[in-house]
Amino acid sequence: LYPDPDFDLNKFNECVAERRAVLDHQNKDIAEALDLLREYWSLCHQTVTDERRALAFARAAAAVKCLPFKVTNPRQLKGIKDLGDGHALRVATQIVESGHSQEVEEKRNDKKFLSFQIFCKVFGVGPSIAKKWYAMGLRTAEDVKKRFDQLDVSKDNMISYGVAFYDDLNRPLQLVEAENTYKHITALAQRILPSVVTSMNGGFRRGKSSGHDLDVLFSYPEREHNEHGLIAAVRDELDKKGLVVWSRYSRADGPRGVEIDSSPLPAGSAKDHLLVIMIILKYPLDGHFDQLERRDFSTEKNLGLFQLADSARPWRAIRVDLVGSTTTQYPYAQIGWTGNKQYNRCLRQYAKDAFNYSLSSTGLYDKRQHRWLPAQTERDVFDHLKLSYREPWERNF
Ligand code: DGT
Ligand code: MG
């Protein structure tokens, strides 16, 4: 049945977190169709059932991306865990049989969906705001710009920057641009704190050649974190150079007025776990984040729009996230900020189901033994979870 004689369906289904998905997988047409339905339900959902539908399509698309062969016969799709035996399987089968799905094409061209896609491409806008704008009769990016004054968005809000820099921020950031910016930021951070360790995470670490932003992760010992507030210092240095267009800083143990104001979360005690819960409750419940992500935060973070030198004009705005983690959190932060989002969901669900562990970008918490599990490297995290190590480029679920 399978062109790959080594393919074992039972093994493939045994543990979803053991699967691997490279960017250049073999079933792009099926995955694209399923991802479109995921996006449709994630943006246009009305009910909790619709949100669940979006997650089900995300799992189905990931399953297809993990298949180590090109599907040529619909029978090859039968019995695949996460593809199921319902809606997603039906769509995948149509694509294999005819290269076409009526439903996918209708949704792709759905007017409301197209407007929601445009609105959600505004930095700071998620499905709930998109819905409001749609109800106000807005349809296009031009409508948003023209009627911006009626949108009840304050001038310093991230959304007003999202609108002002709409074109810049929707132009893909190329790998070489990301690397240059990353090097510049790393050099700056090393001048402030020579022992800092940095990594370029997000899609670029998974092998993408372009992306919507640059995700830089910093790691430093707890003690130095408390003294310096490194991310704030880096942001301030960039600001002095006139390179910051907009930024929002948050720190778990920061003074009042920052986005998250509570104590830092080192790997340690049950008391720390309580703090996690307190912060979960404080974390904004935006439609973009599902249950597994809401409890997630880092001790220090700066969302920013920075200036990037541009050949055609003095500069253009790009999205850069600076994330600080202590040395004890670093491997967890690396996994969390490498993604992709669906891979993280899968790992976290598996950690919960298999061991009753709570996995986040700040650590792995054993809820039975009430303790955090230490890790020095990403491999240690995989070992804790009794999973084979997966390279970043195999995490493109
Ligand atoms: P891109 O930027 O379009 O190339 O795609 P990615 O995969 O780099 O996506 P991005 O930049 O949104 O996020 C990178 C990873 O970081 C993703 O797997 C999820 C994680 N992440 C994003 N935002 C947050 C956040 O607010 N909190 C936490 N803990 N993780 C986040
Ligand atoms: Mg990114």
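A look at the overall build of the protein
Thinking step 1. Along the backbone of the protein there are 19 helices and 10 strands.
Thinking step 2. Taken across its 397 residues, the protein has 53% of its residues classed as buried.
Thinking step 3. Of all intrachain contacts in the protein linking residues separated by at least 6 positions in sequence, the fraction that spans at least 24 positions is 64%.
Thinking step 4. Looking at the protein as shown, the accessible area adds up to about 18700 Å², and 51% of this sits on carbon and sulfur atoms.

Side note on the coordination of the magnesium ion (ligand 2)
Thinking step 1. Of the protein atoms, only Asp 213 (OD) and Asp 215 (OD) coordinate the magnesium ion (ligand 2), at distances of 2.0 to 2.2 Å. The same class applies to Asp 213 and to Asp 215, which are both buried.

What about the packing of aromatic side chains?
Thinking step 1. The tally for this structure, following the rule as stated, stands at 16 aromatic pairs.
Thinking step 2. Consider the rings of Tyr 2 and Phe 7, whose centres lie 4.7 Å apart with planes at 70 degrees: the pair is edge-to-face.
Thinking step 3. Taking relative accessible area as the criterion, Phe 7 reaches 12% and is therefore assigned buried.
Thinking step 4. Ring geometry for Tyr 161 versus Trp 246: centroids 6.4 Å apart, planes at 40 degrees, classification tilted. Residue Tyr 161 is located in helix α9 (residues 158-164), and its partner Trp 246 is located in strand β5 (residues 244-251); the two are separated by 85 residues in the primary sequence.
Thinking step 5. Relative accessible area serves as the criterion here: at 24%, Tyr 161 is assigned to the partly exposed category.

Thoughts on the pairing of strand β9 (residues 363-366)
Thinking step 1. Here β9 shows no split at all, with Gly 363 and Tyr 365 on one side and Leu 364 and Asp 366 on the other all buried.
Thinking step 2. Taken together, the four bridges between strand β8 (residues 357-360) and β9 define a ladder with antiparallel strand orientation. Bridge pairing links Ser 358 to Tyr 365 in β9.
Thinking step 3. Connecting β8 to the next strand, β9, in antiparallel fashion are two residues.
Thinking step 4. Pairing analysis gives two bridges linking β9 to strand β10 (residues 371-372), with the strands arranged antiparallel. Directly across from Asp 366, in β10, lies its bridge partner Arg 371.

Some remarks on the confidence of the model for the protein
Thinking step 1. Across the protein, the average pLDDT comes to 88, with 87% of residues at or above 70.
Thinking step 2. Below a pLDDT of 50 lies the segment residues 254-297, which in the model reaches 84 contacts outside its immediate sequence neighbourhood of four places, other chains included.

A look at the nonpolar core
Thinking step 1. Counting residues in hydrophobic clusters, the biggest one holds 83 residues, and the most contacted among them are Leu 34, Leu 83, Trp 133 and Leu 385.
Thinking step 2. At 10 residues, the largest contribution of residues to this core is made by helix α2 (residues 28-44).
Thinking step 3. Setting aside anything within four residues of it in sequence, one finds Trp 133 in contact with Phe 119, Val 122, Val 125, Leu 138, Val 144, Leu 151 and Ile 159.
Thinking step 4. Of all hydrophobic cores here, the second largest spans 26 residues; its members include Ala 178, Ala 232, Leu 238 and Tyr 249.

Brief notes about the sheet that holds strand β7 (residues 315-326)
Thinking step 1. Read across the open sheet, the five strands follow the order β2-β4-β7-β6-β5; overall the sheet is mixed. Each edge of the open sheet carries a strand with a single partner, namely β2 (197-200) and β5. The mean angle between the axes of side-by-side strands here comes to 20 degrees, regardless of whether they run parallel or antiparallel.

Remarks on the side chain of Ser 115
Thinking step 1. Position of Ser 115 relative to the elements: it lies in helix α6 (residues 111-120).
Thinking step 2. You can call Ser 115 buried: its relative accessible area is 4%.

Focus on the sheet that holds β9
Thinking step 1. Pairing is antiparallel in the open sheet, where three strands are placed in the order β8-β9-β10. Across the chains shown, the open sheet's two edge strands, defined by having one partner strand only, are β8 and β10.
Thinking step 2. Contacting β8 and β9, helix α18 (residues 341-355) runs over the sheet at an angle of about 165 degrees to β8.

Observations concerning the side chain of Asp 321
Thinking step 1. Note on placement: Asp 321 falls in strand β7.
Thinking step 2. You can call Asp 321 buried: its relative accessible area is 5%.
Thinking step 3. At a separation of 2.9 Å, a polar atom in the side chain of Asp 321 contacts the side chain of Arg 319.

Some points on helix α3 (residues 48-66)
Thinking step 1. With 19 residues, α3 extends 27 Å from end C-alpha to end C-alpha; this agrees with the ideal 27 Å at 1.5 Å per step.
Thinking step 2. Looking only at α3, the buried set comprises Asp 50, Ala 54, Phe 57, Ala 58, Ala 60, Ala 61, Ala 62, Ala 63, Val 64, Lys 65 and Cys 66.
Thinking step 3. On its buried side, α3 packs onto α1 (9-14), α2, α4 (87-98) and α18.

Rules of the game
Counting restarts for each chain, with residues numbered from 1 along the sequence as it is written. Chains and ligands are labelled by the order in which they are written, letters from A for the one and numbers from 1 for the other. With the structure being a predicted model, the display of local features is reserved for residues of pLDDT at least 70 and the display and counting of side-chain atom pairs for 80 or more, all residues being used for whole-chain, interface and lining totals. Based on all heavy atoms of the structure, the side-chain values leave hydrogens and waters out of the count. By definition, any uninterrupted DSSP run of H or I lasting at least four residues is a helix, any uninterrupted run of E lasting at least two residues is a strand, and each is numbered from the N terminus. Here the term buried applies to any residue with accessible area under 20% of the maximum for its type, exposed to any over 50%, and partly exposed to those in between, with areas from a 1.4 Å probe on protein chains only. Contacts: residue pairs with any heavy atoms within 4.5 Å of one another. Only the protein chains shown count as cover for residues, and all accessible areas are computed by the Shrake-Rupley method using a 1.4 Å probe. Coordination here is defined by N, O and S atoms within 2.8 Å of the metal (3.2 Å for Na, K and Ca), and since water is not considered, a site can look incomplete. What counts as a ring pair is set by centres within 6.5 Å for rings of Phe, Tyr and Trp (its six-membered ring), and what kind of pair is set by the plane angle: stacked under 30 degrees, edge-to-face over 60, tilted for all other angles. Pairing between strands requires that DSSP locate at least two bridges from one strand to the other. Per-residue confidence from the prediction method is given by pLDDT, with values spanning 0 to 100. Residues grouped as a nonpolar core are buried Ala, Val, Leu, Ile, Met, Phe, Trp, Tyr and Cys residues, joined through side-chain atoms within 4.5 Å. Only C-alpha atoms enter the line fits that serve as axes; for helices the fit covers just the stretch in contact. Angles between N-to-C directions range over 0 to 180 degrees. Whenever a nitrogen or oxygen atom comes within 3.5 Å of another N or O atom, the pair is scored as a polar contact, on the condition that within protein one atom can donate a hydrogen and the other can accept it, and that pairs from neighbouring residues in sequence are kept only if both atoms are in side chains. Each residue after the first adds 1.5 Å to the expected span of a helix.

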